[in-house]
Amino acid sequence: MDLGIAGRKAIVGGASAGLGRACAMSLAREGVDVVIVSRTPENIEKAAEEIAAATGANVTPIAADITSDEGRAAALAACPEPDILINNAGGPPSGNFRDWDREIWFSALNNNMLASVFMIKDTVDGMIERGFGRVVNITSSAVKAPIGILGLSNAARAGLTGFVAGTSREVAKHNVTINNVLPGDFETERHIDNTRAMAKLKDKDFEEMRQIRQGLVAAGRFGDPSEFGELCAYLCSNQAGFITGQNMLIDGGKYPGTF
Ligand code: NAP
């Protein structure tokens, strides 16, 4: 299917690795000009070279922290009128809520809720004026099925989800959509680190823990980031203009509910 977005412009956060990189790759393959952002200069430059070589698209790397005002300004300076915005940054640490003080809470709320809210604020009116906009926020399956040790993530992402539920309906009539995509288990660097931490906690070796985690997924395997990227690109397509305010779980059937 031709997604009808060749020549559109996108900003993709957290894009040197994992799910963000996969989204950038899928959009670039559709002929979208992508500005990709992450903090470590050599990694984001390498990702830009690889995505450009694989797709022939215009890929601009920006080394910046997308959760800071300066980082967002740098991304917007490179792409002042984005048609497509993929909000993504690293997730907060796991732990026990008894150990989290105000500073830790504010950091999680900033990184996993407010950074996306501010990017939407800075870009959505331009999308409305131009009559086309697609925003995808990478959140987490924890929004639907919270995980005890991920209280910071559960809470911050639930806040973003509430904001999107209201705002998406406000902008929908201008052909601007805002959706959240909720990843289950995708074996990215973050996921591998989490498996390692869980193995340590449960006194198991890495491979044993990996098998246990895989066994919880109905599909019997972890997701490939490219599968996530392709869903993201579809939600940014011309064809997806009637899908908005949704929370789309992509988890290989791990969540056991009917809805
Ligand atoms: P990942 O493999 O660790 O990749 C994270 C990417 O984001 C890297 O490019 C990293 O590069 C960049 N990044 C991190 N913090 C940033 C910041 N403040 N500003 C700009 N770039 C930043 O992670 P992932 O697995 O793709 O996860 C992406 C998001 O999905 C996270 O929020 C994660 O919690 C969530 N999630 C993932 C899974 C999963 O199974 N993988 C499941 C549920 C939720 P730098 O460090 O160089 O900046």
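Rules used throughout
- Residues numbered from 1 in each chain as written.
- Predicted model: local features only at pLDDT ≥ 70, side-chain atom pairs only at ≥ 80, totals over all residues.
- Heavy atoms only, no water.
- Core = buried A, V, L, I, M, F, W, Y, C linked by side-chain atoms within 4.5 Å.
- Buried < 20%, exposed > 50% of the residue type's maximum accessible area, 1.4 Å probe, protein only.
- Helix = DSSP H or I, 4+ residues; strand = E, 2+ residues; numbered from the N terminus.
- Contact = heavy atoms within 4.5 Å.
- Disulfide = S-S within 2.5 Å.
- Near = heavy atom within 4 Å.
- Polar contact = N/O pair within 3.5 Å; in protein donor to acceptor, adjacent residues only side chain to side chain.
- Areas by Shrake-Rupley, 256 points an atom, 1.4 Å probe, with all protein chains shown as cover.
- Nonpolar A, V, L, I, M, F, W, Y, C, P; charged D, E, K, R; others polar.
- Domains from an automatic or database assignment.
- Expected span 1.5 Å × (residues − 1).

**Q** Is there a simple way to think about the nonpolar core in this case?
**A** Within soluble globular proteins, side chains that are nonpolar tend to cluster in buried spots. By size, the foremost hydrophobic cluster in this structure holds 34 residues, and its most contacted members are V12, L27, V34, I36, I84 and I86. For this core, the secondary-structure elements that each account for two or more residues are β1 (9–12), α1 (18–29), β2 (33–38), α2 (41–55), β4 (84–87), β5 (133–138) and α8 (225–235). Examining the composition of this core, we find that six residues originate from one element, α1, more than from any other. Discounting chain neighbours no more than four positions away, the residues touching L27 are I5, A10, V12, V32, V34, I84, I86, A233 and C236. Judged by nonpolar contacts, the second largest core, of 21 residues, contains V37, A64, V117 and V164.

**Q** I tried to follow the state of the cysteines on my own but got confused; where do I start?
**A** Each disulfide is one covalent bond, formed between the sulfur atoms of two cysteines. By the definition in use, this model includes zero disulfides. Free cysteine C232: the closest other cysteine sulfur is in C23, separated by 3.4 Å. Judged by its relative accessible area of 1%, C232 falls in the buried class. Between C236, a free cysteine, and C232, which holds the nearest cysteine sulfur, the sulfur-to-sulfur gap is 4.4 Å. Using a relative accessible area of 0% as the deciding quantity, one classes C236 as buried.

**Q** For this particular structure, what's the right way to read the site of the ligand?
**A** Near the ligand you find 30 residues, and of these S16, T40, D65, A89 and T188 are the closest. In the environment of the ligand, an oxygen atom lies 3.5 Å from a nitrogen or oxygen atom belonging to the backbone of G14. At 3.4 Å from an oxygen atom of the ligand is found a main-chain nitrogen or oxygen belonging to G91. Protein chains shield 89% of the accessible area of the ligand, which is 890 Å² for the free molecule. Breaking the shell around the ligand down by element, the ones donating at least two residues are α1, β2 and α6 (189–201). Of all the elements, α6 adds the most residues to the shell around the ligand, at three residues. A class-by-class count of the residues in the shell around the ligand yields ten nonpolar, 14 polar and six charged. Composition of the shell around the ligand by domain shows at least three residues from each of domain 1 (9–184 + 225–247) and domain 2 (186–222).

**Q** Got a minute to help me understand helix α5 (residues 151–171) in this structure?
**A** Since there are 3.6 residues in each turn of an α-helix, residues three or four apart along the chain are aligned in direction. If you check α5, its first and last C-alpha atoms are 30 Å apart, about what 21 residues at 1.5 Å a residue would give, namely 30 Å. When α5 is considered as a whole, its buried residues turn out to be G151, L152, S153, N154, A156, R157, L160, T161, V164, T167, S168 and V171.

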